[in-house]
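Each chain, written out:
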Amino acid sequence: MSDTPSEVRYDVLAIGNALVDVLAHSRDEVLQDLGLVRGGMTLVDTARAEELYAHMGPTAQISGGSAANTLAGMASLGARCAFIGQVADDPLGEVFAHDIRAADIAFDTPARPGQPPTGRCLIFVTPDAQRTMNTFLGASQFLPADALDLETIAASAVLYLEGYLWDPEEPRAAMRKAISTARDAGRKVAFTMSDAFVIDRHGDDFRDLIAQGQIDILFANEVELAALTGIADFDAALASLQDKVPVLVVTRGAHGAVAVTDGHRVEVPAEPIERVVDTTGAGDLFAAGFLFGHVRGRSPTESLRLGAICAREVISHFGARPEVCLSTLVEEKVG
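Residues numbered from 1 in each chain as written. Predicted model: local features only at pLDDT ≥ 70, side-chain atom pairs only at ≥ 80, totals over all residues. Heavy atoms only, no water.

## A few points about the UniProt feature "domain: Carbohydrate kinase PfkB" (unreviewed entry) in the protein chain
Then, in step 1: Under the present numbering, the feature "domain: Carbohydrate kinase PfkB" (unreviewed entry) in UniProt falls on residues 59–321.
Then, in step 2: The distance from the first to the last C-alpha atom of residues 59–321 is 16 Å, and the span holds 40% helix and 23% strand. (UniProt positions renumbered as here; feature names shortened; annotations may be inferred. Helix = DSSP H or I, 4+ residues; strand = E, 2+ residues; numbered from the N terminus.)

Okay, structure coming up:
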């Protein structure tokens, strides 16, 4: 790694899927009729995406993508952010680009001409606020390594990578190049596991990255932690992994979250909420709060609390991006 890192231009640069979320309220019976895995995320092709869309009620279209959602939260908190992700040269691509720039996030990846179209995630939200996601990756799975702005990666304090994007071959190669660039520049690399199905496919890759010391901050939920370690018991799984990454953050839904930093474990409860409307983006916004605290030098406990506050805000409404200024919300709650 470089002994003299260059000036930091961005707090976090993220690489992830550039998607537009299409959300609709639904009943459990509809999910059963369509053969959907309730609460999961499934990759779908064009034909299946069209079939599912035909069974959705009135929809709301909101720019999404896991890492992009995290940046939207961080920007709302006051962080300097940049995003790399692939859209197509089409109307949804224009929507995504407009929305992310409007959130004051730098986004300069050129749109891809022709097919496939910009990716979208069809999200069925049941009355208990559980979301069932069906993702058509579209153009996002064709992010090439030559689309990376290596100078900007080297000038970002943290490189944040979305596990979902590890699945397609082309962006996986781009992300490996980004990791090398960040580490050569003396920057930190943060990684979110995204989903157990990604670990089922690429767990060996992730375990190798961890063993090689390539990951500085690792985000997972309870299910992903079990999938990555092969250990069902939460405490045992945490213990098996906590000494392998400098910062390990595990969310536990209504049971709060845990962080282990250099062997020291801290926990916070979930923020109280009267009614959960939509859990889409809860993990993304939790990561936003924690990363913001981390880059601002807050303690692990304080960073967890920021994550819990941001997660609570996003599950109080439809969609995966904040609807209020998070910096103001945080100031009101923690000062």
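From this point, the discussion proceeds with the structure in view.
## Remarks on the sheet that holds strand β8 (residues 131–138)
Then, in step 1: In space, the 5 strands of this open sheet follow the order β3-β8-β7-β2-β4, with mixed pairing throughout. At either margin of the open sheet sits one strand with a lone partner, and together these are β3 (41–43) and β4 (60–64). The mean inter-strand angle of the sheet, taken between neighbouring strand axes irrespective of direction, is 25 degrees.
Then, in step 2: Strands β2 (19–25), β7 (118–125) and β8 of the sheet are contacted by helix α2 (residues 46–54), whose axis makes an angle of about 40 degrees with β7.
Then, in step 3: Here helix α4 (residues 91–102) sits on the sheet in contact with β2, β4 and β7, set at roughly 60 degrees to β4. (Pairing = 2+ DSSP bridges. Axes fitted to C-alpha atoms, helices over the stretch in contact; angles between N-to-C directions. Contact = heavy atoms within 4.5 Å.)

## Structural notes on the pairing of β8
Then, in step 1: Most of β8 sits out of view: 8 of its 8 residues are buried.
Then, in step 2: Side chains of β8 alternate between two faces, with Arg 131, Met 133, Thr 135 and Leu 137 and Thr 132, Asn 134, Phe 136 and Gly 138 buried alike.
Then, in step 3: Sheet topology places β3 next to β8; 3 bridges connect them, and they run parallel. The residue of β8 that forms the bridge with Leu 43 is Thr 135.
Then, in step 4: Bridge count for β7 against β8 is 7 bridges, and the pairing is antiparallel. Among the inter-strand pairings, Leu 122 is bridged to a residue of β8, identified as Asn 134. (Buried < 20%, exposed > 50% of the residue type's maximum accessible area, 1.4 Å probe, protein only.)

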